[in-house]
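Report on the structure
As a plain string of letters, each chain reads:
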Amino acid sequence: MQFTAVRRAGAIQARVIYALLMREILTRYGRHNIGFLWLFVEPMLFTTGVTILWTLSKSVHGSSLPIVAFALTGYSSVLLWRNMPARCIGAIEPNLALMYHRNVKAIDIFLARLLLEAGGATISFVTLTLFYINIGWLDPPNDVLTVVEGWLLMAWFGASAAMFLGALAEKSELVERLWHPFSYIVFPLSGAAFMVDALPTSVQKLALYVPMVSGVELIREGYFGQAFRAHYDLSYLLGCCILFTLLALARVATVSREITPE
């Protein structure tokens, strides 16, 4: 009996999140031109542009690894963790009217946006990987499961940080003001444009204090296998994910009690 009630409640919330997801797609992309396809075409264009620029400029990244694969793994990861908080900050206010419905909660609004961003970044990453392999710019990943593991950990980190910042932003506008410059400052430290192994030994441990570095290194290990000497601390990355998740859930619960639908 209790299991049936939980299953029914879960089905209701799944429909709510799906409806919010569809609403977000139509609100953001509309029905004109290619519509919701911009969801993954936009990150594909960004990643491809960076890849071409790096290739033409013959950028040095500290190894003999293919620049295309290096850029793809790095910048796709950046889009995953950076876009999620940007979409969750300020997400509740435009959806206040929907919260008159008792089944629509703050966490549902966040989850709908997170699924949208994670889906777009993942489709872009997979599509570009298959396309580059097909035209000969990229070799197939050495270990797909390791790539998936790294990608899921990066998605978890981005989602937990996004929910926490999104809920925190309901109390202070400073969160939105500070996140954008902070994300640009952290970007060069996130491991997208460098290899930990290429850094001085004294700096390598310091680099791993940035959680995203471990995720990017794990993804690249899955891509390059033995050709890439990875440095990562999965226990630290998992700890950050769990901490942000707990903080996010606690903050979202508080915000849900304080919200007054308009």
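For the structure given in this document, a descriptive report is provided here.

Another aspect to go through is the overall build of the chain. Counting its secondary structure elements, the chain contains nine helices and zero strands. Across the chain, helices and strands are ordered from the amino to the carboxyl terminus as α-α-α-α-α-α-α-α-α. The buried share of the chain, reckoned over its 262 residues, is 46%. In the chain, of all internal contacts separated by at least 6 residues, the share reaching a separation of at least 24 is 75%.

Quick look at the environment of Ile-107 now. Within the element layout of this structure, Ile-107 appears in helix H4 (residues 106-135). The partly exposed category is assigned to Ile-107, whose relative accessible area is 28%. Sequence separation between Ile-107 and Ile-17 is 90 residues; the distance between their C-alpha atoms is 9.4 Å. Sequence-distant contacts of Ile-107, that is, excluding residues within four places in its chain, are made with Met-163, Leu-249 and Val-252.

To continue, consider a nonpolar patch on the surface. Nonpolar side chains collect at one region of the surface, where Ile-52, Phe-131, Ile-135 and Trp-137 lie side by side and expose about 370 Å² of accessible area between them. Following the sequence through the fold, Ile-135 ends up in helix H4. For Ile-135, a relative accessible area of 36% gives the class partly exposed.

It is worth spelling out the side chain of Glu-217 at this point. Position of Glu-217 among the secondary structure elements: in helix H8 (residues 211-224). Within the buried set, Glu-217 has no salt-bridge partner at all; the shortest N-O distance to an opposite charge, 4.8 Å, is to Arg-220. Those residues within four positions of Glu-217 in sequence are excluded, and the remaining contacts are Phe-194, Met-195, Val-196, Phe-228, Arg-229, Ala-230, His-231 and Tyr-232.

This brings us to helix H6 (residues 174-186). For H6, built from 13 residues, the straight-helix expectation of 18 Å at 1.5 Å per residue is met to within 8% by its first-to-last C-alpha distance of 18 Å. Along H6, the sharpest change in direction is near 25° and occurs at His-180; proline Pro-181 comes one to four residues later. Listing the buried residues of H6 in full gives Val-175, Trp-179, Ser-183 and Val-186. Buried residues in H6 make contact with helix H3 (67-88), helix H5 (144-168) and H8.

Conventions adopted
Residue positions within a chain follow its written sequence, with the count starting from 1. Predicted model: local features are reported for residues with pLDDT of at least 70 only, side-chain atom pairs are reported and counted for 80 or more only, and whole-chain, interface and lining totals are derived from all residues. The basis for the side-chain values is all heavy atoms of the structure; hydrogens and waters are excluded. Helix numbering and strand numbering both begin at the N terminus, where a helix is a DSSP run of H or I of at least 4 residues and a strand a DSSP run of E of at least 2. Only protein chains enter the area calculation, which uses a 1.4 Å probe; residues under 20% of their type maximum are buried, those over 50% are exposed, and those in between are partly exposed. Residues count as neighbours in contact if any of their non-hydrogen atoms are within 4.5 Å of one another. Surface patches are drawn from residues lacking salt bridges whose relative accessible area is over 30%; two like charges belong together within 9 Å, two nonpolar side chains (Val, Leu, Ile, Met, Phe, Trp, Tyr) within 5 Å. The method behind every accessible area is Shrake-Rupley, applied with a 1.4 Å probe, and residues are considered shielded solely by the protein chains displayed. Salt bridge, as used here: a side-chain nitrogen of Lys or Arg that lies within 4 Å of a carboxyl oxygen of Asp or Glu. In this tally, Asp and Glu contribute negative charge and Lys and Arg positive charge; neither His nor the terminal groups of the chain are included. To estimate how far a helix should reach, multiply one less than its number of residues by 1.5 Å. The reported bend at a residue is simply the angle between two axes, fitted to the 7 residues ending at it and to the 7 residues beginning with it.

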